[in-house]
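Fold and contact review
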Amino acid sequence: MTRSEQRTVSTEQRTNKSDTASESQVTIERSNTVPPVEGAPDGVITLKDLEVFYSDFRAVTNVNMSFGSREITALIGPSGCGKSTVLRCLNRMNDLVPGARVEGAVAYHGVDIYGEDVDVIEVRRRIGMVFQKPNPFPKSIYDNVAYGPRVTGMKVSDMDNVVERALRGAALWDEVKDKLKQNAFGLSGGQQQRLCIARAIATSPEVILMDEPCSALDPIATAKIEDLMVELASTYTIIIVTHNMQQAARVSQRTGFFTAEADDKGQRTGRLVEFDTTEHIFGNPSDARTEAYITGRFG
Amino acid sequence: MSTKTRDGGRPDSGGHPVAWEGPPVDLTAQSPRIGEKIIKAVLVSAAALSVLVTVGIVASLFAPVAEFFTHVSLGEFLFGTEWTALFGDKFNWDDKSWGVLPLVTATLMITLISLVVAVPFGLGAAIYLSEYASPRVRKIFKPILEILAGVPTVVYGFLALTVITPILKPLLGIEGIYSMISPGIVMGFMIVPTIASLSEDAMSAVPLALRQGSYALGANRMQTTIRVVFPAALSGIVAAIVLGISRAIGETMIVAIAAGNMPLFTADPLKGAQTMTGFIAQAASGDTPQGSPSYYALFAIGALLFVMTLLINMISIRLVRKYRQAY
């Protein structure tokens, strides 16, 4: 499916697709089902009244949005607007931050991933993540890719095959096939980031979260990662946080614009200002703040 | 003027600006900056001091050791299994046996016992503090651990002799009041803080990004610790263990008090046996006239200790290089 076709897929079609996906893939306890958000497209992940606190500080509030299956959704906004915080809620990486607390619901195929019976390992196996700075383990290229399947106890009959498929999927195989046993630190920054993508897709996730994946890379490596993202979107649901608005415009089908505004007490809390198709956000934004941001007049 | 090029409109300069034609600037030092030179001299001498002391130790060992080996062959010293340096006539070389092996085996045996205790407990404590403990617990725990490293070794020696040995005696059937196992265990306690504290530093220095990468792939805390943090910190952990070994080999007070003064060539940890440092403590504090055979033997054993520690350090540098995982 080409990108332009993807953009025209209607909400209804997407709903059908994600429904069948949920039938076949989801085995998480279904006791914590969350009703869909009104008005938002019914997607793989739906946020309902999401609110995140770091101890007493309310970092983000009132986020209602939904991420479509096999789409790229970009989260943009000025620094400190909470977009990375929202992203890290989607696979419970905020669990690792002492004092972090999440209110509202993050529904994955209708199941709240913050529900009581949910196993965080199951969540992270289905919702992978790529970080801002390439963070390969100080191990061989092969062991980096095999790490996820090994630690999650995936039943793998042929690990070599899994590693090759993941590396091919991340468009890295041809560059590294002769040096799989070499340390991953010998790779260039862009190659390391593609290795991290290969590592993430080795566990066969449905969703890949990317937190400014190109901010540490040069323009050529960035272009490669962007091409890769578009390619991956035919298989995976991708949610990307980026500071680079051209990048959001180039790769994504939907864009959410966040901003943080100080309240009476001077506390800055991030909010989702506008969430729509990328075309709409960049061509004809509804909110004046969005327009100011994307035209570079603010942030 | 609008046609002026970047070099001021002089096409013959080929893109480069023309040579400077104004008055020259003075770039020489405007003050002698003596303070800076003094500071540098002080720092250089501080760095040189430790090197000079090491060189001085080696040099002062050289003459007495050479004298020792004119009377005792290197083969007898290194491979002989009987050590009776303090027996018989003080100034007679020939009525004594000079085989150092009993002292070396006792040293290595006690070191090994101490490592069997210290490595698991030290690494366990390091993993707990670095990966599991909350910041608050770590803040309280680590200084306490480091206090343990500051307890005088003579206290550990008496702990071995008066507490550990009586406890082990009925359990293991130790004869007499001396054994190698008791000072070995206590020495292990003594090294735990060294290994724990240095390993914890090494593990805490592993970037958070690596842990996050591991958690994001669905790993739990133990998997992240064992498969990512531990290998990445391995060079620091090896260095911590090597420092522990060096301390154990050089430790004197504990063994002098609790291992006894009998050089005994045995692999039985329940028996007491004198170590190399134990012999040095006994001979140096006893009646050893200058120029007597046992006086020279002190230097020979000192030199052997020096060589052993040097070897361990060299091996550890190689190990650290081999396992170093840059991140």
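All values derive from a computational prediction rather than experimental measurement.

**Digging into the overall build of chain A**
Looking only at helices and strands, one finds twelve helices and ten strands in chain A. Among the 299 residues that make up chain A, the fraction classed as buried is 55%. At a minimum sequence separation of 6, the contacts of chain A that also span at least 24 residues come to 70%. Here chain A has roughly 12900 Å² of accessible surface; of this, 45% comes from carbon and sulfur atoms.

**A closer look at the side chain of Arg 125 of chain A**
Residues and elements named next belong to chain A. Relative to the elements of secondary structure, Arg 125 occurs in helix α4 (residues 120-126). Notably, Arg 125 is buried but unbridged: the nearest opposite-charge side chain belongs to Glu 122, and the N-O separation is 4.0 Å. Excluding residues within four positions of it along the chain, Arg 125 makes contact with Thr 152, Met 154, Thr 203, Ser 204 and Pro 205.

**Quick notes on the interface of chain B and chain A**
Taken together, the 20 residues of chain B in the interface contact 22 residues of chain A. Taken as a group, Ala 216, Leu 217 and Arg 227 of chain B account for 36% of the area that chain B buries against chain A, more than any other trio of residues on that side. At seven residues, the largest contribution of residues to the side of chain B that touches chain A is made by helix α7 (residues 208-216) of chain B. When the residues that make up the side of chain B that touches chain A are grouped by side-chain class, the tally is eleven nonpolar, eight polar and one charged.

**Brief notes about the pattern of salt bridges**
Opposite charge on two side chains permits pairing when their charged atoms draw close. Residues and elements named next belong to chain A. Under the definition given, this model contains 18 salt bridges over all chains. A salt bridge links Glu 103 to Arg 101, with the shortest nitrogen-to-oxygen separation between them at 3.6 Å. Classification of Arg 101 by relative accessible area gives partly exposed; the value is 39%.

**A short note on the confidence of the model for chain A**
A low pLDDT means the predicted coordinates there should not be read in detail. All names here are of chain A. Mean pLDDT over chain A: 85, with 85% of residues reaching 70 or higher. Note on residues 1-32: pLDDT under 50 across the span, and 56 contacts to partners over four residues away in sequence or across chains. Considering only residues more than four positions removed or in separate chains, one finds that residues 35-40, a stretch of pLDDT under 50, has six contacts.

**Overview of the UniProt feature "domain: ABC transmembrane type-1" (unreviewed entry) in chain B**
Per the UniProt entry, the sites bearing "domain: ABC transmembrane type-1" (unreviewed entry) are residues 104-316 of chain B in this numbering. Structurally, residues 104-316 of chain B is divided into 78% helix and 0% strand, and its ends, taken at the C-alpha atoms, are 20 Å apart.

**Some details on the packing of helix α6 (residues 159-169) of chain A against helix α8 (residues 189-201) of chain A**
All names here are of chain A. At a minimum axis distance of 8 Å, the contact between α6 and α8 shows a crossing angle of 130°. As the angle between them shows, α6 and α8 are arranged oblique. Judged by the twist between their axes, the crossing of α6 over α8 is right-handed. Facing α6, whose interface residues are Ala 166, Leu 167 and Gly 169, α8 presents Leu 195, Ala 198 and Ile 201. Counted by class, the contact of α6 with α8 contains five nonpolar, one polar and no charged residues.

**Focus on the packing of aromatic side chains**
Using the criterion set out here, one finds 15 aromatic pairs over all chains in the structure. Where Phe 257 of chain A meets Tyr 293 of chain A, the ring centres are 5.0 Å apart and the plane angle is 35°; that geometry is what we call tilted. Placement of the pair is Phe 257 of chain A in strand β9 (residues 254-262) and Tyr 293 of chain A in helix α12 (residues 288-294), with a sequence separation of 36 residues. Overall, Phe 257 of chain A belongs to the buried group, its relative accessible area being 0%. Judged by centre distance (5.2 Å) and plane angle (85°), the rings of Phe 68 of chain B and Phe 69 of chain B are edge-to-face. For Phe 68 of chain B, a relative accessible area of 0% translates into the label buried. Site record: aromatic cluster; members linked through ring pairs are Phe 68, Phe 69, Phe 77, Trp 83, Trp 93, Trp 98, Phe 279, Tyr 295, Tyr 296 and Phe 299 of chain B. One cation-aromatic arrangement involves Lys 181 of chain A over Tyr 142 of chain A; the distance from NZ or CZ to the ring centre is 4.1 Å. Positioned above the aromatic ring of Tyr 132 of chain B, the side-chain terminus of Arg 221 of chain B is 5.6 Å from the ring centre.

**A short note on the nonpolar core**
Nonpolar side chains in soluble globular proteins tend to end up buried together. If you look at the biggest cluster of nonpolar residues, it comprises 73 residues, and the most contacted ones within it are Phe 68, Trp 83 and Phe 279 of chain B. Sorting elements by how many residues they give to this core places helix α3 (residues 101-132) of chain B first, with twelve residues. The residues touching Phe 279 of chain B, leaving out its near neighbours within four places in the chain, are Trp 83, Ala 85, Leu 86, Leu 103, Gln 274, Ala 297, Leu 298 and Ile 301 of chain B. Membership of the second largest hydrophobic core comes to 46 residues, among which are Val 130, Tyr 142, Leu 195 and Ile 238 of chain A.

**A word on the UniProt feature "transmembrane region" (unreviewed entry) in chain B**
Residue and element names in this part refer to chain B. According to UniProt, the "transmembrane region" (unreviewed entry) feature falls on residues 41-63, 100-123, 144-164, 176-198, 228-249 and 295-315. The distance separating the terminal C-alpha atoms of residues 144-164 is 22 Å; by composition the span is 86% helix and 0% strand. The annotated region residues 176-198 carries 78% helix and 0% strand content, and the separation between its end C-alpha atoms amounts to 37 Å.

**Here's the deal with the UniProt feature "domain: ABC transporter" (unreviewed entry) in chain A**
Here, UniProt's "domain: ABC transporter" (unreviewed entry) annotation points to residues 45-285 of chain A. With 33% helix and 29% strand, residues 45-285 of chain A has its two end C-alpha atoms placed 24 Å apart.

Definitions and limits used
- Residues numbered from 1 in each chain as written.
- Chains lettered and ligands numbered in written order.
- Predicted model: local features only at pLDDT ≥ 70, side-chain atom pairs only at ≥ 80, totals over all residues.
- Heavy atoms only, no water.
- Helix = DSSP H or I, 4+ residues; strand = E, 2+ residues; numbered from the N terminus.
- Buried < 20%, exposed > 50% of the residue type's maximum accessible area, 1.4 Å probe, protein only.
- Contact = heavy atoms within 4.5 Å.
- Areas by Shrake-Rupley, 256 points an atom, 1.4 Å probe, with all protein chains shown as cover.
- Lys, Arg positive; Asp, Glu negative; His and termini not counted.
- Salt bridge = Lys/Arg side-chain N within 4 Å of Asp/Glu carboxyl O.
- Buried area = accessible area lost by both parts, 1.4 Å probe.
- Nonpolar A, V, L, I, M, F, W, Y, C, P; charged D, E, K, R; others polar.
- pLDDT = per-residue confidence, 0-100.
- UniProt positions renumbered as here; feature names shortened; annotations may be inferred.
- Axes fitted to C-alpha atoms, helices over the stretch in contact; angles between N-to-C directions.
- Parallel < 35°, antiparallel > 145°, perpendicular 65-115°, else oblique.
- Left-handed = near helix turned anticlockwise from the far one by under 90°.
- Phe/Tyr/Trp six-rings, centres within 6.5 Å; stacked < 30°, edge-to-face > 60°.
- Lys NZ or Arg CZ within 6 Å of the ring centre and 35° of its normal.
- Core = buried A, V, L, I, M, F, W, Y, C linked by side-chain atoms within 4.5 Å.

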